[in-house]
Amino acid sequence: MLRLEKRAQPSKQWAALAPVLAVLITMVVGGGLFALLGKNPFEVIRTIFWDPLFGEFAFYYRPQLLIKAGPLILIAIGLSLGFRAGIWNIGAEGQYIIGALCGAGVALTFYPLDAWFLFPMMILAGALGGWAWAMIPALLKVRFGTNEILVSLMLVYVAEKLLAAMALGPMRNPEGHGFPGSRNLQQYESAHNAELFTGSGLHWGGITALLAVICAYILLNRHILGFNIRLLGQAPRAARFAGVNPNRLTVFCLGISGALAGLAGMYEISGPSGQVSIDFNVGYGFTAIIVAFLGRLHPVGILLAGLLMALTYIGGEIAQSNMNLPAAAIQMFQGMMLFFLLAVDLMANYRLRLTRAEVS
Amino acid sequence: MAISNLTKTYPGVVANDSVSMELRAGEVHALLGENGAGKSTLVKMIYGLVKPDSGSMKFQGQSFTPANPHTARQAGVAMVFQHFSLFDAMSVAENIALGMENPPPMRDLSDQIKAVSETYGLPLQPDHIVGDLSAGERQRVEIIRCLLQDPKLLIMDEPTSVLTPQEVGVLFETLRKLTAQGVGILYISHKLDEIRELCQHATVLRRGQNVGSCVPSETSAREMAEMMVGSSFQTPERSRHALGDVVLKIDKLSAPSPNEFGTPLREISLELHAGEILGIGGVAGNGQDELLAALSGEMRTVADAVVFEGEVIGRLAPAARRKMGLLTAPEERLGHAAAPDMSLTENALLTGAERENLTSRGFLKWGAAQKFAQSVIESFDVRTPGTETAARALSGGNLQKFVIGREVLQRPKVLVVNQPTWGVDAAAAAAIRQALLDLATEGVAILCISQDLDELIEISDHFAALNEGRLSDIRETESLNMEQIGLMMGGAHGMEVAHVEA
């Protein structure tokens, strides 16, 4: 009989090894799944992990990697701070939309003004928009003790309705012949979040994400605020004893994650997406939750997990179109990665022990 | 009951190493030992909760290998645990029925409970709801549950830790009646004076080995303690010194408990002088946690109910109080005084940040924090591989030394401790008490909340008791005897109980 036994100390080797092992197990089990679907597993795995980077059309896919990883990392970093403190912002998707709407709103209001300060203003508006949207669950929780998971999640659907209303109403392109959707910001130079180096896929969002990773690392490891965040998450009673004010941290963590999600939305709408449209949001806010946990809430881990997740998205799309794999199989494959990571992660704190079956 | 060469190994520790002992019918046999000496493992093997790796047991002349508690109970072994397993919302009779192998119909059971409770002098009403009972009464429920099974061997794990002196007296009477009928009792306790009073034989365990036995009534408490520890240790010494000015004043402090099942504080008033140790006794759950929370700042109160060096601090946050010099060490080590999964360095930072200057402009000085943790470890003899060990990996006694040491080394003006030596072995407890006494000699005011009366008598200048959130009059400790203390602990409520039992 196998039995789990708690380790006295978390194992460092297992903690470091877990993500690599999880990806390997995912490849094996996922490969089995693809084989059952009648595809060559090696080819599918190669298509997902290899082709986007080094395949024949890599010149097209490589920029996509940073375009997709940027917002994922940016949002996940914000979420991870809250998750560490036991504050569960599930509504990053909504904050992402509102950030995008605020950023685009500034650009469309000043159209066709040509000024250097327009883009910084949009950045500010995007961050403030996401922050304000996240303040709703934060204040309700602090003031009335509501559950931030439910409130933040429900606000996603409110934000989606608002997005649709904006795309069809106030923000609709007056020269768009009645089609829904705003002016395309890619064609509005002062507001365009353009690629910084041609063919790299890196725009200001990617730079911001990198800054966020560095700041989060310093915050968590070198600053009392980060220490308090970790303390509140691990031992709430000890945190209160140490003098941490849980309400203040709730407002701080939800605020930061909202602002970063808002920024991600703003960079997206002024860059790769370009316009306010009904189907602007594609689920970055939800996927970022997986990224945050895949990176085990560690800033550097999130950076790597964001890149890996973006890779499987792009590779998954290639596999879908080139090899006729159903979308559900790809989603399952991505889900497996988180599942196996959590399973392997257990080994950092527990060890397996073989015991003889006891007589009952 | 005879036990020979029982061995049980857990990963990394030999909990029991060829332990042999004998227990005769009709005797109270004490099992002594420090925390982690292997007492619990030994009784768990007798009760069928743990299987020995090797060795054998004989019970009433026959080989005895209980596979689980069920078979152990059928053979006539019963056990009263330190922590009660009762359902608050159910009546006494229902609780007893739940723990029996074949409960009789409720009405018969009630009659049996009444009969047993009268025979053994354990007053208990079968239809009372357990949630309303005192700790002593709850323990009676557990004992009666065992007695109804007609045991031949009764195991009791630290039975007096939650009782008032009067309740202890009642318990001892019951146990003596049981032994007169030929029941053997295995009695686990830390309290050597009790053992000397009650037990005919004692077996001492140290690091999983039987290091000897003795006749408690012919052995001094000190000799027994030294057998447990394996070396002699210093009895804490107190020095006579004059008390200083009032540093902490609590004035008619009333506050609801922050948690649902807590006890509200009711009009607590006290004055604490520099250099004074005020001991606060009382059975657990009478407002101890709440009093500590009100002083640490976890629970805010009316501003002028708590006055520190002339400043009203009732509404100040924990960090601000620490900065002023009011330090606290809560009872619950893991999860309250320390974060289990964090390293000792991080735990040093937990309360040391303000007074030890472990941050600058909010940025952490890890080097300084580690140095502080290291100095706590060294000055308080905390046994740990190093400062980066997780707090949960330390044994209870070592972590307690760390928690107390962390506050002591911050040079407090007032130190409030709750259960400073709870679950700590004799040597460590002596070291902690000595540290508190030394601190008082240096002029620090100490408020020591504890359920260990011997401890309070040993170190405190003044004594008061908490009962249902009320504080009794404060009396000079030397002027009190055990009976008076018991009455103070019981409050008016306690007199009533004593009256019924008389």
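Residues numbered from 1 in each chain as written. Chains lettered and ligands numbered in written order. Predicted model: local features only at pLDDT ≥ 70, side-chain atom pairs only at ≥ 80, totals over all residues. Heavy atoms only, no water.

1. Observations concerning the overall build of chain A
And step 1. If you tally the helices and strands in chain A, you get 14 helices and 2 strands.
And step 2. Over its C-alpha trace chain A gives a radius of gyration of 22 Å, about what one expects of a compact globule, namely 21 Å for 360 residues.
And step 3. Projecting the C-alpha coordinates of chain A onto the three principal axes gives extents of approximately 80 × 55 × 35 Å.
And step 4. Looking at chain A as a whole, 51% of its 360 residues qualify as buried.
And step 5. The contacts of chain A with a sequence gap of at least 6 include a subset with a gap of at least 24, amounting to 76%.
And step 6. As presented, chain A carries roughly 16,900 Å² of accessible surface, and 66% of it is formed by carbon and sulfur atoms. (Helix = DSSP H or I, 4+ residues; strand = E, 2+ residues; numbered from the N terminus. Rg over C-alpha atoms; globule rule 2.2 N^0.38 Å. Buried < 20%, exposed > 50% of the residue type's maximum accessible area, 1.4 Å probe, protein only. Contact = heavy atoms within 4.5 Å. Areas by Shrake-Rupley, 256 points an atom, 1.4 Å probe, with all protein chains shown as cover.)

2. With respect to helix α1 (residues 39-46) of chain B
An α-helix turns once every 3.6 residues. As a result, residues three or four positions apart point the same way.
Residues and elements named next belong to chain B.
And step 1. In terms of residue burial, α1 counts as a mostly covered element, since 6 of its 8 residues are buried.
And step 2. Restricting attention to buried positions, one finds in α1 the residues K39, T41, L42, V43, M45 and I46.
And step 3. G48, located one to two residues past α1, shows a positive phi value of around 80°.

3. Concerning a nonpolar patch on the surface
And step 1. Together, L210(A), I214(A), Y217(A), I218(A), V300(A), L304(A) and F363(B) make up a nonpolar patch on the protein surface, roughly 630 Å² of accessible area in all.
And step 2. Every element with two or more residues in the nonpolar patch is listed here: α8 (204-222) and α13 (299-323) of chain A.
And step 3. Looking at which element gives the most residues to the nonpolar patch, the answer is α8(A), with 4 residues.
And step 4. Topologically, Y217(A) is positioned in helix α8. (Patch = residues over 30% accessible without salt bridge, like charges linked within 9 Å, V, L, I, M, F, W, Y side chains within 5 Å. Salt bridge = Lys/Arg side-chain N within 4 Å of Asp/Glu carboxyl O.)

4. Some remarks on the side chain of T421(B)
All names here are of chain B.
And step 1. Tracing the backbone through its elements, the reader meets T421 in the loop between β19 (414-418) and α14 (426-441).
And step 2. Residue classification places T421 among the buried positions, given a relative accessible area of 9%.
And step 3. A polar atom in the side chain of T421 sits 3.5 Å from the side chain of R433.
And step 4. Looking at T421, its side chain comes within polar contact range of the side chain of E455, at 2.3 Å.
And step 5. Setting aside residues up to four positions removed in sequence, T421 forms contacts with A429, I432, R433 and E455. (Polar contact = N/O pair within 3.5 Å; in protein donor to acceptor, adjacent residues only side chain to side chain.)

5. Let's talk about helix α1 (residues 12-36) of chain A
Residues and elements named next belong to chain A.
And step 1. Compared with an ideal rise of 1.5 Å per residue, which puts 25 residues at 36 Å, α1 spans 36 Å between its outermost C-alpha atoms and is within 8% of the ideal.
And step 2. A maximum bend of about 45° is found in α1 at A18, where proline P19 lies one to four positions downstream.
And step 3. Listing the buried residues of α1 in full gives A18, A22, V23, T26, G30, G31, L33 and F34.
And step 4. In this structure, the buried residues of α1 make contact with α2 (41-49), α13 and α14 (327-349).
And step 5. Once α1 ends, the next one or two residues include G38, with phi positive near 85°. (Expected span 1.5 Å × (residues − 1). Bend = angle between axes of the 7 residues up to and from the residue.)

6. Quick notes on the interface of chain B and chain A
Size of an interface: often given as the accessible area lost when the parts come together.
And step 1. Contact with chain B, which involves 37 residues of that partner, is made by 27 residues of chain A.
And step 2. For the pair chain B and chain A, the summed buried area comes to about 2,500 Å², and 60% of that belongs to carbon and sulfur atoms.
And step 3. On the surface where chain B and chain A come into contact, there are 1 salt bridge.
And step 4. For R230(A), the salt bridge goes to E346(B), with nearest N and O atoms at 2.7 Å. (Buried area = accessible area lost by both parts, 1.4 Å probe.)

7. Observations regarding the sheet that holds strand β12 (residues 265-273) of chain B
Residue and element names in this part refer to chain B.
And step 1. Spatial ordering of the open sheet is given by β12-β11-β14-β15, a layout of 4 strands whose pairing is antiparallel. With partners counted over all chains shown, the strands left at the sheet margins are β12 and β15 (311-312), one partner each.
And step 2. With 3 bridges connecting them, strand β11 (residues 246-255) and strand β14 (residues 306-308) associate as antiparallel partners. Paired with K249 across the strands is V307, a residue of β14. (Pairing = 2+ DSSP bridges.)

8. What to know about the packing of α8(A) against α13(A)
Residues and elements named next belong to chain A.
And step 1. Following both chains from N to C, one finds α8 and α13 inclined at 155°, their axes separated by 8 Å at the closest point. Comparing their axes, α13 and α8 come out roughly antiparallel. Contacts between α8 and α13 pair L210, V213, A216, Y217 and L220 from the former with P299, V300 and L303 from the latter.
And step 2. The residue makeup of the contact of α8 with α13, split by class, is 8 nonpolar, no polar and no charged. (Axes fitted to C-alpha atoms, helices over the stretch in contact; angles between N-to-C directions. Parallel < 35°, antiparallel > 145°, perpendicular 65-115°, else oblique. Nonpolar A, V, L, I, M, F, W, Y, C, P; charged D, E, K, R; others polar.)

9. Some thoughts on the pairing of strand β3 (residues 28-33) of chain B
Strand residues, when the strand is regular, have side chains that alternate between the two faces of the sheet.
Residue and element names in this part refer to chain B.
And step 1. Counting buried positions along β3 yields 6 of 6 residues, so the element is predominantly enclosed.
And step 2. Going residue by residue along β3, you find V28, A30 and L32 tucked away on one face and H29, L31 and G33 tucked away on the opposite face as well.
And step 3. The pairing of β3 with strand β9 (residues 201-206) spans 5 bridges and is classified as parallel. Bridge assignment links A30 to a residue of β9, and that residue is A202.

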